[in-house]
Amino acid sequence: MQTKQQERAKFALDKLLPNGAKFVNHDFAQFVVGMPNMILSNGIGQTMAFLLAKRQDRMGEAFGILKDWLQKAMPDTFPEADSSVDFLRKFTTISQSEYLQAQHECLKLVEWLKRYARAFDNGGK
């Protein structure tokens with residue numbers, strides 16, 4: 001049986017390096033490094049809204065990664081949503097403890113994303 005940390009590590013690696021990719025885009029890697037501060041400063045709900053607004057940029061990939069993780073890690077709180085708006089709406093209806101749990105889960109996942117992003121950063125090439 002895997003630990004929660006192992007699940008997070010595998011999930012992060014699979015998301016950052018899909019389909020045999022060998023590198024992570026440098027700009028995305030740099031952005032991921034700053035994500036914990038964004039989450040802690042603004043909260044996970046506002047961070048998710050910001051990431052969704054950036055969906056046309058590489059930064060927007062982070063929205064999908066965190067959304068997929070929350071739906072996997074907290075399926076009762078974040079069931080499959082019909083749209084990104086429906087997913088974001090969940091942040092306005094969940095309890096404070098669920099919100100904090102979601103924020104904690106995202107921070108833990110982002111730590112793995114940071115580690116792998118740094119390890120596989122293509123250096124701007």
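Scroll up a little and you will see the structure.
These figures come from a predicted structure and were not determined experimentally. (Residues numbered from 1 in each chain as written. Predicted model: local features only at pLDDT ≥ 70, side-chain atom pairs only at ≥ 80, totals over all residues. Heavy atoms only, no water.)

S.K.: Where do I start with helix H1 (residues 4-16) in this structure?
M.R.: Spacing of three or four residues puts side chains on the same side of an α-helix, whose turn is 3.6 residues. With 13 residues, H1 should reach 18 Å at 1.5 Å per residue; the first-to-last C-alpha distance of 18 Å fits that figure. Close packing links the buried residues of H1 with helix H2 (26-42), helix H4 (61-73) and helix H6 (96-119). (Helix = DSSP H or I, 4+ residues; strand = E, 2+ residues; numbered from the N terminus. Expected span 1.5 Å × (residues − 1). Contact = heavy atoms within 4.5 Å.)

S.K.: Would you explain the side chain of Gln71 in this entry?
M.R.: Note that Gln71 resides in helix H4. The exposure class assigned to Gln71 is buried, which follows from its relative accessible area of 9%. Apart from residues lying up to four places away in sequence, Gln71 is in contact with Phe78, Pro79, Glu80, Ala81 and Phe87. (Buried < 20%, exposed > 50% of the residue type's maximum accessible area, 1.4 Å probe, protein only.)

S.K.: Even after reading the chapter, I still don't get the packing of H2 against H4, so can you show me in this structure?
M.R.: The relative placement of two packed helices is expressed as an angle between their axes plus a distance between the axes. One can describe the packing of H2 onto H4 by two numbers: an axis separation of 11 Å at closest approach and a directional angle of 50°. On the basis of their axis angle, the class for H2 and H4 is oblique. Along this stretch, H2 crosses H4, giving a crossing that reads as right-handed. In this structure, H2 uses Phe28, Phe31 and Met35 to contact H4, whose residues at the interface are Glu61, Ala62, Ile65 and Leu66. Tallied by class, the residues present in the contact of H2 with H4 amount to 6 nonpolar, no polar and 1 charged. (Axes fitted to C-alpha atoms, helices over the stretch in contact; angles between N-to-C directions. Parallel < 35°, antiparallel > 145°, perpendicular 65-115°, else oblique. Left-handed = near helix turned anticlockwise from the far one by under 90°. Nonpolar A, V, L, I, M, F, W, Y, C, P; charged D, E, K, R; others polar.)

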